[in-house]
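Below, each chain spelled out in residue letters.
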Amino acid sequence: MASELGYEIAEPVAVSANGAGTDTEAEAPTEEATKEVLFEEDDPSALQPRAPIVTVMGHVDHGKTSLLDAIRTTEVAAGERGGITQHIGASEVDKDGRRVVFLDTPGHEAFTAMRARGARVTDIAVVVVAADDGVMPQTLEAIHHARAARVPIIIALNKIDKPDANPDRVKTELSEANVIVEEYGGDTPLVPVSAKTRVGLDELLEMILLVADLQELTANPRRNAVGTIVEAQLDKGRGPVATAIVQTGTLRVGDVIVVGETFGKVRALENSAGKRVTKAGPSSAVVVLGLAEVPQAGDILRVVADEREARTMVEARRAQTAARGGEGSGRATLEDLYRQIQTGQAKELRIILKADVSGSLGAITHALEQLSSDEVRINVLHEAAGDITDNDIMLATASNAIVVGFNTKITETARRAADAEGVDVRTYDIIYKLTDDIDAALKGLLEPEIVEVIEGRAEVRQVIRIGKGTVIAGSYVTDGRIVRGGARVWRGGKVVATDRIESLRRFRDDVREVATGFECGIGLASFHDVQEGDVIECYTTQTISRAVPA
């Protein structure tokens, strides 16, 4: 059960004795988990049924927020102001005397961000699909993210009241995405709903409870609490404020808690209705006051004996974080793959695949799957046309996957996220090079790689023409540094030229580099159609050894 609650829970822990499917392959216990054994296994007689925790995901404008609001206004007990619970990052709904907890996340990005930090909160994922719009790119992303987390999926077919609703088309599109609904002989429930007319909301809640019953979700309310932070912020009047989902045990006012790399004493608890409470049991959403610092979403909360133990734990964690600072993130890389196969650590290579057009995806996926062997299986977690985005990096982080791009580029925010998280990103323009690299990694035969390093960017603010055919781009360095080397000229978000920087000057002097915040004159070797507003991106190349130790 190490991954059921996150990186801190070491084996054995029966937090959710038969919960939402453990994710042991996708989220193996970290070094910290193996060192810090928090709890012994629960006595089965102490386990009691708990409420399911549900995340609602789907394509933008398909009605996620409207559906949540409709469920709350329909089911929340009358008497609460407006019939709507206070927004604290999670809300609770009562159905026939049973609770359902909904996480108010903005979508699969937040869902995966928590997984990336080791948290496993959700028991069920409700994927909202508009009946008039069908399966869209973000729909597929939501499905792939839920599958990567090994969470049961329920399809909520929204907007069935619209004249142009076409449920059959949506079911066919879902089948093409390998999501076979029960009506077509599959195992994925589909419930037609309308957030506007409130049709089908009872049926959706009943289906959630049925799926929850099949999982036999349980927890022990009579132990110290363990939970996960959903969101946190600094309140000017109240200090650090964190919303937590209690997953097992009971959290009480006065408890000393450790959350990530901070700790505190619970000064007050507020439930999803905004009312002060003295305790919160399993599957409860509560606002926690009393922490010393603002924690991060996905941090694990646990109750400890006293402040001395809490301080010792936090200091140890901070020391581990500092020690890991120069060791990299430990993410999956092609360089390490062969060694992991040889030592039995790797059974599966997970890949996030992006290509310029959808037609390329099928061919590449098929080619990659042919590389699977008895030792390791190739698993393409997510494939889509378009640029590599920070959402792809987040999914790779959470799933310990590598990102492969074909004839596509990585956005700047995604590049920074990949660097920060240590995600291995590979881009190719020839399919056989892509498959050869993966095959070589599986066999431990990777050749040295020539990689491109983005050095900096400069905005062209003045174009100076000197004589016939000579153009100097008077530029301001906005990011990194400008050096002689390869260069790309960006205009309107697209590359209009690939060239090299032949001359670089500050005033009348030739210089080797120009740093951020300074102006310079850039002369390109062959591209002379530079315009004001263009961005010149300079890069260098490095040869990196890819020899894999046996």
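Scroll up for the structure.
Here the structure is a predicted model, which is why all the values come from computation and not from measurement.

Asks: Just to check I follow, could you spell out the overall build of the protein for this structure?
Replies: Each helix and strand counted, the protein has 13 helices and 29 strands in total. Within the span of the protein, comprising 550 residues, buried residues form 53% of the whole. By sequence separation, contacts in the protein at least 24 residues apart represent 72% of the contacts at least 6 residues apart. Put simply, the protein shows about 24,800 Å² of open surface, and 48% of that area lies on carbon and sulfur atoms.

Asks: Looking at this structure, how should I read the state of the cysteines?
Replies: Chemically, a disulfide is nothing more than a covalent bond linking the sulfur atoms of two cysteines. Counted by the stated rule, this structure contains zero disulfides. Of all cysteine sulfurs in the structure, the one in Cys 538 sits closest to Cys 520, which takes part in no disulfide; the separation is 9.2 Å. On the basis of relative accessibility, which here comes to 7%, the residue Cys 520 falls in the buried class.

Asks: Could you clarify how one ought to interpret the sheet that holds strand β21 (residues 425–428) in this entry?
Replies: Strands pair in a sheet through their backbones, by hydrogen bonds, and they do so in one of two ways: parallel or antiparallel. Here we have four strands laid out as an open sheet, ordered β19-β18-β20-β21, and parallel in their pairing. Each edge of the sheet is formed by a strand with only one pairing partner; in this case those strands are β19 (377–385) and β21. Along the sheet, successive strands turn relative to each other by an average axial angle of 25 degrees, direction set aside. Bridge count for strand β20 (residues 402–406) against β21 is four bridges, and the pairing is parallel. What sits directly across from Gly 405, in β21, is Thr 427. In this fold helix α10 (residues 358–369) packs onto β18 (348–355), β19 and β20, with an angle of close to 175 degrees to the strand it touches most, β19. Packed on one face of the sheet, helix α11 (residues 390–399) meets β18, β19, β20 and β21 and runs near 175 degrees to β18.

Asks: Whenever I open this one, α11 confuses me. Can you help?
Replies: Owing to its 3.6 residues per turn, the α-helix brings residues three or four apart onto one side. Most of α11 is tucked away, with eight of its 10 residues classed as buried. Turning to α11, its buried residues are Asn 391, Asp 392, Ile 393, Leu 395, Ala 396, Thr 397, Ala 398 and Ser 399. In the segment just after α11, Asn 400 is the residue with positive phi, at about 55 degrees.

Asks: Quick question: what am I supposed to make of the environment of Val 287 here?
Replies: Position of Val 287 relative to the elements: it lies in strand β16 (residues 284–291). For Val 287, a relative accessible area of 5% gives the class buried. Remark: the alpha-carbon pair of Val 287 and Thr 243, spanning 44 residues in sequence, is separated by 4.4 Å.

Asks: Where do I start with the sheet that holds strand β6 (residues 153–158) in this structure?
Replies: Taking strand neighbours across the sheet as the criterion, the six strands line up as β3-β4-β2-β5-β6-β7 in an open arrangement whose pairing is mixed. Whereas interior strands pair on both sides, the edge strands pair on one side only; in this sheet they are β3 (90–95) and β7 (190–192). On average, each strand axis in the sheet is tilted by 30 degrees relative to the strand beside it, whichever way the strands run. One ladder, built from five bridges, connects strand β2 (residues 53–58) with strand β5 (residues 124–130); its direction is parallel. Its bridge partner lying in β5, Val 54 is registered against Ile 124.

Asks: What is the right way to look at the pattern of salt bridges in this model?
Replies: If the charged atoms of two oppositely charged side chains come close together, the side chains can form a pair. The tally for this structure, following the rule as stated, stands at 29 salt bridges. Between Arg 99 and Glu 92 there is a salt bridge, with its nearest N and O atoms 3.2 Å apart. Among the residues examined, Glu 92 registers a relative accessible area of 19% and is labelled buried. Among the charged side chains, a salt-bridge network with shared partners connects Glu 412, Arg 415, Arg 416, Glu 452, Arg 457, Asp 479, Arg 488 and Glu 537.

Rules used throughout
- Each residue is numbered by its place in its chain's sequence as written, counting from 1.
- It should be noted that, the model being predicted, local features are given only for residues of pLDDT at least 70 and side-chain atom pairs only at 80 or more, the latter also being counted only at that level, while totals for whole chains, interfaces and linings use all residues.
- Water and hydrogen atoms play no part in the side-chain values, which are based on all heavy atoms of the structure.
- A run of DSSP states H or I qualifies as a helix once it reaches four residues; a run of E qualifies as a strand once it reaches two. Both are numbered from the N-terminal end.
- To sort residues, take the accessible area from a 1.4 Å probe on protein chains only and compare it with the maximum for the residue type: under 20% means buried, over 50% means exposed, and anything in between is partly exposed.
- The criterion used for residue contact is that any of the two residues' heavy atoms lie within 4.5 Å.
- Method for areas: the Shrake-Rupley scheme with a 1.4 Å probe, in which residue coverage is limited to the protein chains shown.
- Sulfur atoms of two cysteines make up a disulfide when they are within 2.5 Å.
- Here, strands pair whenever DSSP counts at least two bridges between them.
- Axis geometry follows a simple rule: fit a line to the C-alpha atoms, using only the stretch in contact for helices, then measure angles between N-to-C directions, giving values from 0 to 180 degrees.
- By definition here, a salt bridge exists when the distance from a side-chain nitrogen of Lys or Arg to a carboxyl oxygen of Asp or Glu is within 4 Å.

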